[in-house]
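Each chain, letter by letter, is given below.
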Amino acid sequence: MSAPEAGRLAVGEIVAERELHVTRDTLVRYAGASGDFNPIHYRDDVAAAVGLPGVLAHGMLTMGAAVQPVVDWLRAADPSATVADYQVRFTRPVVVDPELGATVRIVAKVGALDESGARIDLAVTVDGAAVLGKAQVRVPLPA
Amino acid sequence: MVNPELAGRTYPPTAPYLVGRETVRAFARAVQSTDPLSLDVDAARAAGYADVVAPPTFPIVIQQTTLEQLLADEDAGVDFARVVHGDQRFTFSRPIVAGDELVGTMTVTSVKTLGGNAMVTSESVITDLDGAHVVTATSALVVRGDA
């Protein structure tokens, strides 16, 4: 894993990879911390009643967890640097099995480089299928 | 049904939200962060911040208070049970730090109908009590029509 310095980065280079295991406990913790208590994120009966395939992870939990490997990578070069811009499209829900949970795989690659910094593109998948689209993080780079 | 005349409507600023240190830590743990700046006050201060630094998606907590205004507005016609999150974006002037007092002001930027569904895009501008910009949170919500 390379440090985030513009001169050493190349478009397409992988800067961070992580696998996260999400369980129902993870969802309850996120509900409490964020204040998002929509019951489709913890009640099977409510999820079924509105036609969902099961209890879903909060989209904002997936978005929030997916950027953390980039934050850690950024810290390695500049402890004070922070994300300038972060956007995603929610393309597929993450169904969280009560026993097995779900495994979210994150691969962060350099999407573009310019004078102001780098665009890091995230590939976020569950069982090989993308759950976020157009997931892009703008980060500054040390001069 | 979503009111097509909603586009351009701006809601009043929300009551100030005081960002707590333990709230930031709890949020950071909930998104499986291991960032010392979000968890350790000394690490945050060593990096030049007054207190722990909130993870990049923390502004959703303040944006939610602005979106609640939209959901509570009967004239807007947005039924929460039919809402699916489409897109989300955060654009920062600076990170949120524990101790900040923040106010959110939301404007509905567009309403588009696609088949029986409506796509409502909103922009919540989050500032400190001096009015300085901290972060803008943009959401696209898909409101499903009658099945």
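The structure this text deals with has already been given above.
Residues numbered from 1 in each chain as written. Chains lettered and ligands numbered in written order. Predicted model: local features only at pLDDT ≥ 70, side-chain atom pairs only at ≥ 80, totals over all residues.

**Describing the interface of chain A and chain B**
With 28 residues of chain A at the interface, the matching set in chain B holds 26 residues. Listing elements by their share of the side of chain A that touches chain B, those giving two or more residues are α1 (24-34), α3 (59-66), α4 (68-77) and β2 (85-90) of chain A. For the side of chain A that touches chain B, the class distribution of residues is 15 nonpolar, eight polar and five charged. (Contact = placed C-beta atoms within 7 Å. Helix = DSSP H or I, 4+ residues; strand = E, 2+ residues; numbered from the N terminus. Nonpolar A, V, L, I, M, F, W, Y, C, P; charged D, E, K, R; others polar.)

**A look at the nonpolar core**
In this structure, A66(A), V70(A), L122(A), L132(A) and V139(A) are the most contacted members of the largest nonpolar core, which totals 67 residues. For this core, the element with the highest residue contribution is α3(A), accounting for five residues. The next biggest cluster of nonpolar side chains, apart from the first, holds 14 residues, and it includes L6(B), A76(B), V111(B) and V120(B). (Core = buried A, V, L, I, M, F, W, Y, C linked by C-beta atoms within 7 Å. Buried ≥ 20, exposed ≤ 12 C-beta atoms within 10 Å, placed from the backbone.)

**Some remarks on the pairing of strand β3 (residues 101-114) of chain B**
Residues and elements named next belong to chain B. With two bridges joining them, strand β1 (residues 17-18) and β3 adopt antiparallel strand pairing. When the sheet's bridge partners are listed, Y17 is paired in β3 with L102. Across 12 bridges, the pairing between β3 and strand β4 (residues 117-128) is antiparallel. Counted as the bridge partner of V111 is V120 from β4. Between β3 and β4, which pair antiparallel and follow one another directly, the connecting turn spans two residues, one of which, G115, has a positive phi of 65 degrees. (Pairing = 2+ DSSP bridges.)

**Looking at the environment of G128(A)**
Looking at the element boundaries, G128(A) is found in the loop between β4 (117-126) and β5 (129-130). Note: C-alpha distance between G128(A) and V104(A) (24 residues apart in sequence) is 9.3 Å.

**A short note on unusual backbone geometry**
Negative phi values dominate among residues other than glycine, just as trans dominates among peptide bonds. In this model, K134(A) sits at a positive phi of 45 degrees, which is unusual for a non-glycine residue. Note that K134(A) resides in strand β6 (residues 132-139). The backbone of Q32(B) shows a phi angle near 60 degrees, a positive value even though the residue is not glycine. Within the fold, Q32(B) resides in the loop between α1 (21-30) and α2 (36-39).

**Points about the pairing of strand β2 (residues 83-92) of chain B**
Within a regular strand, side chains alternate between the sheet's two faces. Bridge count for β2(A) against β2(B) is five bridges, and the pairing is antiparallel. Directly across from Y86(A), in β2(B), lies its bridge partner F90(B). As paired strands, β2(B) and strand β5 (residues 133-143) of chain B are joined by nine bridges and run antiparallel to one another. If you follow D87(B) over to β5(B), its bridge partner there is A140(B).

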